[in-house]
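# Notes for the structure review
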Amino acid sequence: QCKGECKVDPDVQEITLNGKPLVGQSHVCILLNKPQGYICATEDRMHKTVLDLLPKELRVKGLFPAGRLDVDSTGLVLLTDDGDLAHRMLAPKSHVLKYYLVKLTKPCRPEDAARLAQGLELGDGTKCLPAEAKALDGVKNYALICLHEGKYHQVKRMFAALGNHVETLHRVAVGGMFLPEKLGSGACIEVLHKDVEKMLKSG
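Figured I'd write up the structure that's included with this text. As the structure is a computational prediction, the values presented were derived from the model and not from experiment.

A contiguous nonpolar patch, built from Leu136, Val139 and Leu144 and spanning about 200 Å² of accessible area, is present on the exposed surface. With respect to the helices and strands, Leu144 occurs in strand β10 (residues 142-147).

Shown next, in the form of structure tokens:
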């Protein structure tokens, strides 16, 4: 038994409550709905970072964003202190799907979707993996696009290569993990490590 504050070695000690073992997480995973004006970095001289949005009790040492969204883009960002997990999320061979809702200057035409599905070559010669895109019915100039990779400014550059322009970009899902509808802009929730593991295996 322990009164007050105690240090526990999880490798040799077990904590129980009413006879049931308590299982803690060795790493932290936080799902954030990033607003515009914040960058996906741990520190920056010019802009506020996504870490500035977290309540103090969630700002653990070593926390960083696993992946990036542009300063003017919004939506799902996962923050963690688990470098191995982040590597598996971001590694090209993992092919973790990323879904974006985009508002375009012009409609996404069927021929645009067909070119994206074939794998598009950008103006600088960069070759992109095949991507799926679909215009949203009844919503002018909006489309949903799914990527299998995450190149620099990729969605914007892909539509620019098609003669279009991305006005807004909002990431709605990564793998099998979707941004909760009720999670407001700038808000965050802690998620279980096992749920992130499922995300990597689905989608």
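The discussion continues.
The next point concerns helix α3 (residues 154-161). Taken together, the buried positions of α3 are occupied by Gln154, Val155, Met158 and Phe159. Down the axis, α3 shows its buried residues gathered within 125 degrees of arc, on one side only. Contact partners of the buried residues in α3: β8 (98-104), α2 (110-118), β10 and β11 (166-174). One or two positions beyond α3, positive phi appears at Gly163, with a value near 80 degrees.

Right, let's talk about the pattern of salt bridges for a bit. Here the idea is simple: oppositely charged side chains can pair when their charged atoms come close. Going through the model one piece at a time under the given rule, you end up with nine salt bridges. The closest approach of N and O atoms between Arg109 and Glu111, which form a salt bridge, is 3.6 Å. For Arg157, the salt bridge is made with Asp124, and the minimal N-O distance between the two is 2.9 Å. Within this pair, whereas Arg157 is found in helix α3, its partner Asp124 is found in the loop between α2 and β9 (132-135), the two being separated by 33 residues in sequence. The exposure class assigned to Arg157 is partly exposed, which follows from its relative accessible area of 24%. According to the relative accessible area criterion, Asp124 is exposed, its value standing at 54%. Here the salt bridges share partners, and the residues they tie into one network are Asp70, Asp72 and Lys156.

The rules behind the values
- Residues numbered from 1 in each chain as written.
- Predicted model: local features only at pLDDT ≥ 70, side-chain atom pairs only at ≥ 80, totals over all residues.
- Heavy atoms only, no water.
- Patch = residues over 30% accessible without salt bridge, like charges linked within 9 Å, V, L, I, M, F, W, Y side chains within 5 Å.
- Areas by Shrake-Rupley, 256 points an atom, 1.4 Å probe, with all protein chains shown as cover.
- Salt bridge = Lys/Arg side-chain N within 4 Å of Asp/Glu carboxyl O.
- Helix = DSSP H or I, 4+ residues; strand = E, 2+ residues; numbered from the N terminus.
- Buried < 20%, exposed > 50% of the residue type's maximum accessible area, 1.4 Å probe, protein only.
- Arc of directions from axis to C-beta.
- Contact = heavy atoms within 4.5 Å.

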